Structures are given as C-alpha cells and as structure tokens.
Amino acid sequence: MKKSNNRRFFLKNIAVTYLGISALPVVALAENTSEKVAASDNDRHFNDSYKGKYNNRIAFPIGGIGAGMFCLEGSGAISHMSVHHNPEMFCEPAMFAAISIKGGEARVLEGPVPDWKKFGQRDAGLGGTGGATWGLPRFKNAVMKVRFPFADITLEDETMPVQVAIKGWSPFIPGDEDHASMPVGALEYHFINTGHKTEEFIFSYHARNFMRQADTLHNVEAMPNGFVLAQAAPENAAEKQGRFAIYTTETNTIVDHCWFRGGWFDPLTMVWNTLKDGHTRNTPPVEKEAPGGSLFVPFQLKPGEKKVIRLLMAWYVPDSKLRIGEEVSGEPNSFGKYYKPWYSSRFKEVAAVCDYWKDNYADLYKKTALFTDTFYKSTLPPEVQEAVAANLTILKSATVMRQYDGRFWCWEGSGDTWGSCHGTCTHVWNYAQAVPHLFPALERSLRHTEFNENQNAEGHQGFRANIPISPLVHNFHSAADGQLGGIMKVYREWRISGDNEWLKQLYPRVKVSMDYCIRTWDPRRNGLIEEPHHNTYDIEFWGATGMCTSFYLGALQAFSLMGTFLGHDMAEYTALYQKGKHQLETTLYNGEYFIQKIQWTGLNAPDPVQAQSFSTQYADEALVLLKKEGPKYQYGTGCLSDGILGSWIARVCGMEEPVDPAKTKSHLLAVHQYNLKKDLSNHVNPQRSTYALGKEGGLLLCSWPKGGMLSLPFVYSNEVWTGIEYQVASHLMFQGEVAKGLDIVRACRKRYDGTVRNPFNEYECGHWYARAMSSYGLLQGLTGVRYDAVEKAIYIDSKIGDFSSFIATEKGFGTVSWKKGIPSLQVAYGVIPATHAVVGGKKIAWQA
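Residue positions are given per chain, counting from 1 as you read along its sequence in written order. For a predicted model such as this one, the threshold for reporting local features is a pLDDT of at least 70, and the threshold for listing and counting side-chain atom pairs is 80 or more; totals across whole chains, interfaces and linings nevertheless cover every residue. For side-chain calculations, the full set of non-hydrogen atoms in the structure is used, while hydrogens and water are omitted.

## Describing the overall build of the chain
Counted only if it meets this: Under the DSSP-based scheme used, a helix requires at least four consecutive residues in state H or I and a strand at least two consecutive residues in state E, with every element numbered from the N terminus. Atoms counted for the radius of gyration: C-alpha only. Globule rule: 2.2 Å times the number of residues to the power 0.38. In this scheme, a residue with accessible area under 20% of its type's maximum is buried, one over 50% is exposed, and one in between is partly exposed, where area comes from a 1.4 Å probe on protein chains only. Whether two residues are in contact is decided by their heavy atoms: any pair within 4.5 Å suffices. Under the convention used here, a 1.4 Å probe and the Shrake-Rupley method define accessible areas, while residue burial counts only the protein chains that appear. For the purpose of charge, His is not counted, nor are the chain termini; Lys and Arg are scored as positive and Asp and Glu as negative. Taken as the charge location is NZ of Lys, CZ of Arg, CG of Asp or CD of Glu.
When helices and strands are tallied, the chain shows 19 helices and 35 strands. Computed over C-alpha atoms, the radius of gyration of the chain comes to 28 Å, within 12% of the 29 Å expected from 2.2 N^0.38 for 848 residues, which places it in the range of a compact globule. In terms of principal-axis extent, the alpha carbons of the chain reach across some 85 × 65 × 55 Å. Counting every position in the chain, which comprises 848 residues, the buried fraction comes to 63%. Counting contacts in the chain only where the partners sit at least 6 residues apart, residues at least 24 apart contribute 69% of the total. Accessible area of the chain: about 30,200 Å², with a carbon and sulfur share of 51%. Separation between the mean location of the 87 positive side-chain charges and that of the 87 negative ones in the chain comes to 5 Å.

Structural data, given as structure tokens:
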C-alpha cells in the first residue's frame, strides 16, 4: 500500500471507537460534501480546517469555567498555562509528547514551530517555560480542525511509518455548570501504523515542573500511571501551593519521577537521549526538587492497526492572593479573605480530581460529544457557526472565574499577566449572550450580585463587583447602560428559567434600581437619559443619547412587564416609557440615524470641569474646547454603532424592541453604510489600532458622515470591537438584513483567520474578551429562536427561510427546525418542556 493510500485509509478510519463511544472525526473526510474544503492553503473557508499559513497563531483553551486553562496550539504544543487564578498568556511550559520507534527514531508529537516564535529572547531551556523544546525533531506538517470543545490535529510526516492525530478537549455540557467547571483536560493521541511491518513504539509525555515557585519546596510526586508536578505551600504563602497531574489509563505505563539533575541543559538533554535510543526510564520519586517527570507507554502495532492513548490532566490550586475592592462591613466572607475556586469546595485534593476525571471520562465525553454533534447540525451560515463557537472558548479561558460558593465572577478580559478590568463589569457583560442560555444558573448568580452586594439602599449600583463577592463601597458613578441593562436581564433570566418565585423575591430590589435610574438620569421625567451618564466607553455622556435612552426604554418596558405579571400598578412607568419613546424617535433622530444632543448646562450635575472622571481632566487648552464644542468625549451628530444598543438588548432578552422598527432599521443600515470599512489603510486611529488596521476590514465604533466630528470625540471611537460588530450584525439580521449582517461577521472573522490573530481569542482590553460573546446573539438574529419557560413556548422568527439551529435551555438542549412552515423540536439532552411554537404571534403545534 502506498503512503498516499495509507493516508486516505487513516482519514477514513481515524474516527475510532472505544468504550462504546464513537469519537468525532479528526479531520473532514473527503467523502463529506456538507462542507466546502479549501482548494489550497491560500483559500480557507469559514468553519473549516486551519493549515499552512492559517495554522500560525492558534491556541485553543482547554479547562473548566473558572478553573484555569492551558491551550492546545495548532502545532500540538501546550501554551498559555494559567492555573494559578491569574492569566499567564506567555507561559509555555517545557512539556511535550513524543513517539519513539524501536530501532528507528523519535519525534516530538507536534508540527513545525510557528515562525513568529523564532525571533526574540525566549527562554532557551534554562528556566521553566518557552522555547526549550523547539529545537527537537518534530513532524513536518500539522492541520487543526475545531469542533468546540474538541480540537483535532493531524500530524503528517512521510518519513515516519505512523499517522498521528491529537484530540484535545475538556467537559462542556450546557446546563451542567459543575462538570463544565472542573480543573481538567485531556489529550487523546491516535496512532495508525502506515508501514509494511509490525513496529514497536513508545509513546511518552514529559514536563518540567512548571508548578514550581521560586525558593520553595517542590517535587514530582507519584500517582497511578503518571506523576504529579507538586509545589508545597510555604509558611504564610498558601497561594503558592499547587499540583498538576499528568497520567494515562494505560496499566503498563512506566514513570520517571525525576529527570536527570544537573545544570545548564542537562535535564532535557538526558530526556532526549532516552527517547532517541528508544528506551524508557523508571525512576522512583526522590525526596525533593525533581526538575521534571516523564511517562512512557510501550505498544506494538501491525500494519494498519490503530491505538489510542488517553492522556489525562488535572490540577489543584486551592488558594490565591486575589482580593479586589473594599468590603462595606470589613468582615471576611465565610471562606476567607481571598478568592478560592469553586472546585476546591467540591474536591479536597488533586487525587480526588484525578479519580473523578478518570472514572467519569467516558460519560463526560459522551455528553460533551452530544453537545458538539447537536450544535454543528445547524444549517446556519458557516461564518456564523464559526463566530459563535470560537467565542465559547471564553468560557474556558482565564477571563472567567467561579468562587468557592459557586457564584460566577469575571474579568472583562485577560491581560498578559493580570486580569483585565475586574468585577464582571455590567456594561461589558451586557453584550455577552452565551451564558444565560448555556448555563442559566451561573447567569442568575450575576443578577444576585448586582441587585444585592452591588446595590445600596438608594438604588445606586456599582458596575464592578468585589472579589470575593461582598457589599461594595459606593464611591463612584453607576454605569447607566450597565444598570439599565441589568433590569432587562432580570426579565430575560425569568423567562429563561420560568421561576416566578425568583422574580417575586428580586423584584423589590429591581424597583429600587429603576427608581434610582429615573431620578438620577431623568430627574425632570422627560423620558430621556440627559444627566451625565457613565457608560461602556469609560466616560460620561452629557445630554441625551440614543444609545442610553434606548436602554432606558428597554428597562422601563421590562420593569413594567414584570410588575404587571406580579399584579402591580405600572401606569407611572408605562406613561414614562411612552413619553421617552416619542422623544427618542423625534428629538434624537436625524431622519437617518439616532444621535446625541450634547448638553452641559441647565442640568443637576455640576459642569464637566468640576465633575471630572477617570482621565477627563481639563487643562487650559481643553477649557477652550469646552466653550467651543462642549465636554470632551462625546459623539454628538455621529453615527454610533451602539446608537440603538438598548433596543438590541431588549430583543435578545425576549421583548419587543422599544424603538420604532423602521427608524431602528434605518439606523442600522446607516451603521453598515458608514461604519463598515473593507480597507482601513486610510483610516486614522491614534487609539488602539491593532484590533483592525491596514488592509483589514472592520466596523468602526463611530463615524460622522454628516459632519460635526468633535476634536476629541469619545475615547475608543476610532477603534473596532468584535463584540459591537456581532451585536450590530445580529440586530441587522433581526431586521431582515441578513446579507449586511453577514458582511460584518465575515469582516471580523477574516481578521481572526489564524495568520496574524488567534481564531479562538478575540481580544479587546485583554485576551478572550467577554464582549465577543455577543456572537451568540447571531443564532437568535437569524432564526428568532428562543425558549420562554413561563409560557413553555419556543419562539421562531426566521429571516433565512428553512433552517435547523441549536437551542439550549435551563434543563436541556437540542435542535429547532423550521421547514415549509412547520416547526419541529428534537431534544438531544435533558428535557425542553415546550408545548408549542409561537410564530408571528400565533401558536403552532409541533410536527408529529
């Protein structure tokens, strides 16, 4: 059999079966015509494999929600090791798999080192991370294909008599937040002998002790079929302790608990000497300071025979030094002064995590694969599937956290070595639509924090929560978009959960919040947000804005709907809503799009010079501008991509849009026309330009097509944010403008194609930035599909004709289809107690 035929044989048979579980295909089979296969490395299609130049900057997160992560790179390397409750974006441990052939040679089970790594002062093996393994022999080519949360890599090298595939994953089962929050990951190594004779192989895995902290006791400890990289807790430094276990399910595993101890490059040199000679090394644990550990699995394969080795990883870092914010009472919470991860309440040591992971591996794989199969059954456009799935990786990144009592708490994004912008910032997380549908209980915990610990008796709501979560000191502005958006999200969580008692208990706090918003930002009850209002651009807008007034209307609508359901008289709020709707649609609409009426006199607030916030200082030259143009950092007559954002939030929360549909559509069409740039080469951006620049395309935050651009418009105005791109795209789709919405999605995902940027890390102020989970709203924008647990109904409003699409609810997930005017529901997991569909306001029975 020729090698080319062997390769086809491998591709057709790599979907191996073990323990009764059919593994997902590692690569798209040639016979599969449901996906377009790129003709060459220069022609990648959306939702397809990453190879050649597109497999350059790929790093796919593996781990649990709030449990830390590591990344599987497109080459098969491990990087971004972040298990100490802190992002460590450039932590690339000296850890690797290898295959040795008796009487032959050895290879690291990775593809080529990406070119971008080859220049600069990276660690050369003297320390603990990065670079140390790059000079070792490896396979000639690697191709990655992702079907979240599975990442599959095929390694190619015609000189080797073996085909290799790697499957990386960690549990992800919608509605099962506990299993999705485990500190675990797995790498499956699939081998097929493509030679003409029986071969003796040795699979091995090696890791320097990257858990080691400086000047403290560290070691490599024993465990069945593997080893544990261990760091003891020094006195008064509990946060430094931690263990990382690497083990297999192979009973014949041989373990080296202590690499050769020596200076310079001695340890890794001796590891490679063992591999190239086709040997193993069985070394018992030493008393202390083992530099690293290895495991070896010998196996034999006949020609065409296959073997799967499962490498399991689990970690345990029960403490941290993370604490942000001043607690009102000054009293520590029940689990201590600092953040402790949820998993430390479930498991008492790393051994317990390892046992649970091993014992439940098959079941968790089966359920996770069921989610993946169900999600990718969708007939939605491939760029939409890619955008949604790519940003689900945020939930496995260092951006998200889950404290000891199980409550959700997050950064906005992950800095290189620090959490970027703390406290599950309400105005950023407004955009994120994935968690409320996939893990509703976690999302409800955010509402609990916002309306309890973050809100005082007057209704002022802080937009950044303390960690550990505790009552805030209220010494800064509330964020108008964040606080008003929270009221709409209470309505969303109620409709998703169907929990009327939850709504009844929270409603009094919601009322306090709503009344605070009215008297703070609309004290004259004009129906507009007029007083200076802090927002997601980290400044205050002075005077009425279409952006935040649309939030105001959405919040008034949500509050009135909830109050009416509970039997309260809501006439006061509905009248204010109607007044504001009229004002927004007249005074803030220029005939094409919504604008801002800048105002800084005649308000309750002091003038901008006295009311400085963040970096809004007024030097002498700024005072001249103030008299001429008004306060710094406004948008005035600009066409703001977020200019009708509150209306989109209302829509994805399950309400009717509060703003006239024709005017909303006109605004969105203007945003598409003026703000979407196919080539940014001539665009001036003195701000954060790396989000999109040069010949790349993207949606600008704002433009001034009718003139009136201020000398100093709001900060970030010249930038491109993926989270805003997706919300505008989704909103266009809601309005029936599918092609224009897809224009924006494509422009975004072309920037994240693996050549320059990581396709699984859409960044803004930090890596894996939460706002990008607005991409989940694309599903609803195209199909109108949402589940209402109060009515036990699934709403459908297709903008694309017939379709099949993924749906996740509180208790189950499945597929909703619309074909020739007939709806159908296929439940894949759990239950979805929907008695009927609602289409165009009419109840329709499910297809039998």
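Still more ground to cover, so stick around.
## A few points about the packing of helix α10 (residues 480–497) against helix α11 (residues 500–521)
Applied cut-off: Fitted lines through C-alpha atoms serve as axes, helices being fitted only where they are in contact, and the angles separating the N-to-C directions of these axes extend from 0 to 180 degrees. Roughly parallel here means an angle under 35 degrees, roughly antiparallel means over 145, roughly perpendicular means 65 to 115, and every remaining angle is called oblique. Here is the rule for handedness: rotate from the far helix to the near one, and if that takes an anticlockwise turn smaller than a right angle the crossing is left-handed, while a clockwise turn gives right-handed.
At a minimum axis distance of 10 Å, the contact between α10 and α11 shows a crossing angle of 155°. By the angle between their directions, the pair α10 and α11 is classed as roughly antiparallel. Here α10 runs over α11; the crossing is left-handed. Of the residues in α11, those in contact with Ala480, Gln483, Leu484, Ile487, Val490, Glu493 and Trp494 of α10 are Asn500, Trp502, Leu503, Leu506, Val510, Ser513, Met514, Tyr516, Cys517 and Trp521.

## What about the packing of aromatic side chains?
Cut-off, in case you're wondering: Geometry of aromatic contacts follows a simple scheme: Phe, Tyr and Trp rings, the Trp one being its six-membered ring, pair when their centres are within 6.5 Å, and the pair is stacked under 30 degrees between planes, edge-to-face over 60, tilted otherwise. Whether a charge sits over a ring comes down to the Lys NZ or Arg CZ being within 6 Å of the ring centre and within 35 degrees of the ring normal.
Following the criterion strictly, the structure yields 51 aromatic pairs and no others. Between phenylalanine 371 and phenylalanine 375, the aromatic rings sit 6.0 Å apart at their centres with planes inclined by 40°, giving tilted as the arrangement. Taken as a pair, phenylalanine 371 and phenylalanine 375 lie in helix α5 (residues 361–375) at a separation of four residues, close to a single helical turn. For the pair phenylalanine 371 and phenylalanine 375, a shared accessibility class is recorded, and that class is buried. Site record: aromatic cluster; members linked through ring pairs are Tyr50, Phe60, Phe148, Phe172, Phe371, Phe375, Tyr376, Phe439, Phe760, Phe806, Phe813 and Tyr829. For arginine 495, the ring lying beneath its charged end belongs to tryptophan 494, and the centroid distance is 4.6 Å. Above the face of the tyrosine 795 ring, arginine 786 is positioned so that its terminal group lies 4.1 Å from the ring centre.

## Details of the side chain of histidine 218
With respect to the helices, strands and loops of the structure, histidine 218 is situated in strand β13 (residues 218–223). Using a relative accessible area of 5% as the deciding quantity, one classes histidine 218 as buried. Filtering out sequence-adjacent residues up to four positions away, histidine 218 remains in contact with Asn209, Arg212, Ala230, Gln231, Lys288, Glu289 and Ala290.

## Overview of the sheet that holds strand β18 (residues 306–316)
Sheet strands pair by backbone hydrogen bonding; their relative direction is either parallel or antiparallel. Here is the rule we go by: When DSSP finds two or more bridges between a pair of strands, those strands are recorded as paired.
Ordered by their spatial adjacency, eight strands build an open sheet running β8-β9-β10-β11-β18-β15-β14-β13, and the pairing between neighbours is antiparallel. The open sheet has two edge strands, β8 (141–147) and β13, and neither has a second partner. Each strand axis lies, on average, 15° off the axis of its neighbour in the sheet, ignoring direction. Helix-sheet contacts for helix α4 (residues 350–359) involve β10 (162–169), β11 (184–193), β13, β14 (226–231), β15 (242–248) and β18, and the interaxial angle to β18 is about 150°. This element, α5, spans β8, β9 (150–156), β10, β11 and β18 of the sheet and lies at about 85° to β10.

## Notes on the pairing of β9
Of all seven residues in β9, six are buried, a share of seventy percent or more. Note that β8 and β9 share seven bridges and pair antiparallel. Directly across from methionine 144, in β9, lies its bridge partner isoleucine 153. Hairpin remark: β8 followed by β9, antiparallel, with two residues in the connecting loop.

## Concerning unusual backbone geometry
Geometrically, the link from phenylalanine 148 to proline 149 is a cis peptide bond, its omega value of 0° lying close to zero. For the peptide bond that leads from isoleucine 467 to proline 468, omega is -10°, which places it in the cis range. If you trace the backbone, proline 468 turns up in the loop between α9 (440–451) and α10. Phi at histidine 85 is positive, roughly 60°, even though this residue is not glycine. Even without a glycine there, the phi angle at cysteine 421 is positive, about 65°. Mapped onto the elements of the fold, cysteine 421 is located in the loop between β22 (419–420) and α7 (426–429). Taking relative accessible area as the criterion, cysteine 421 reaches 26% and is therefore assigned partly exposed.

## What about the pattern of salt bridges?
Applied cut-off: By convention in these notes, a salt bridge is any Lys or Arg side-chain nitrogen within 4 Å of a carboxyl oxygen on Asp or Glu.
One pass over the structure, following the stated rule, counts 47 salt bridges. Through salt bridges with shared partners, one network takes in Glu443, Arg447, Glu450, Arg492 and Glu493.

## Let's talk about the sheet that holds strand β34 (residues 836–839)
The strand order β29-β30-β34-β35 describes an open sheet built from four strands, whose pairing is mixed. Single-partner strands in this sheet number two, and they are β29 (786–788) and β35 (842–844). Each strand of the sheet is rotated relative to its neighbour by a mean of 35°, with strand direction disregarded. Summarising the sheet, β34 and β35 pair through three bridges and their orientation is antiparallel. Looking at β35, one finds that valine 839 is bridged to lysine 842.

## Description of the nonpolar core
How we decide: The definition of a nonpolar core used throughout is a set of buried Ala, Val, Leu, Ile, Met, Phe, Trp, Tyr and Cys residues joined through side-chain atoms within 4.5 Å.
Phe191, Phe203, Tyr205, Phe244, Met514 and Tyr537 are the most contacted members of the largest nonpolar core, which totals 226 residues. With residues up to four places along the chain from it excluded, the contact list for phenylalanine 191 reads Ile99, Leu109, Val162, Gln163, Val164, Phe203, Phe299, Leu301, Glu305, Lys306, Lys307 and Ile309. Counting residues in each nonpolar core, the second largest holds 14 residues, with Ala94, Val108, Leu275 and Phe296 among its members.

## Points about the confidence of the model for the chain
Worth spelling out the cut-off: Every residue carries a pLDDT, the predictor's confidence in it, which falls somewhere between 0 and 100.
Looking at the chain, pLDDT values average 92 and 93% of them are 70 or higher. Taken as a whole, residues 1–41 scores under 50 in pLDDT and shows 74 contacts with residues more than four places along the chain or in a different chain.

## Thoughts on the environment of isoleucine 65
On the secondary structure map, isoleucine 65 appears in the loop between β3 (59–64) and β4 (68–73). Looking at isoleucine 65, the relative accessible area reads 3%, which means it is buried. Distance from isoleucine 65 to leucine 669, taken between C-alpha atoms, is 37 Å for residues 604 residues apart in sequence.

## Topic: the pairing of β11
When you tally the buried positions in β11, you get ten out of ten residues, the bulk of the element. Residue alternation in β11 divides its side chains into two sets, Val184, Ala186, Glu188, His190 and Ile192 and Gly185, Leu187, Tyr189, Phe191 and Asn193, and both sets are buried. Across eight bridges, β10 lies against β11 in antiparallel orientation. What sits directly across from isoleucine 166, in β11, is tyrosine 189. Bridging between β11 and β18 involves nine bridges; their strand directions are antiparallel. Residue pairing across strands places isoleucine 192 opposite lysine 306, the latter belonging to β18.

## So, the packing of helix α12 (residues 546–565) against helix α13 (residues 571–587)
The test is simple: We call Asp, Glu, Lys and Arg charged. Ala, Val, Leu, Ile, Met, Phe, Trp, Tyr, Cys and Pro are nonpolar, and the rest, Gly among them, are polar.
With their axes 9 Å apart at the nearest point, α12 and α13 run at an angle of 155° to one another. The angle between the axes of α12 and α13 places the two elements in the roughly antiparallel class. Here α12 and α13 pass one another in a crossing that is left-handed. Here Gly546, Thr549, Ser550, Tyr552, Leu553, Leu556, Gln557, Phe559 and Ser560 of α12 lie close against α13, whose contacting residues are Tyr573, Thr574, Leu576, Tyr577, Gly580, Lys581 and Leu584. Tallied by class, the residues present in the contact of α12 with α13 amount to eight nonpolar, seven polar and one charged.

## Quick notes on helix α2 (residues 266–276)
Put simply, the test is: This arc corresponds to the set of directions leading from the helix axis out to the C-beta atoms.
Among all positions in α2, only Pro267, Leu268, Val271, Trp272, Thr274 and Leu275 are buried. All buried residues of α2 fall inside an arc of 155° around its axis, so they share one side. Backbone geometry just after α2 places glycine 278 at a positive phi near 70°.

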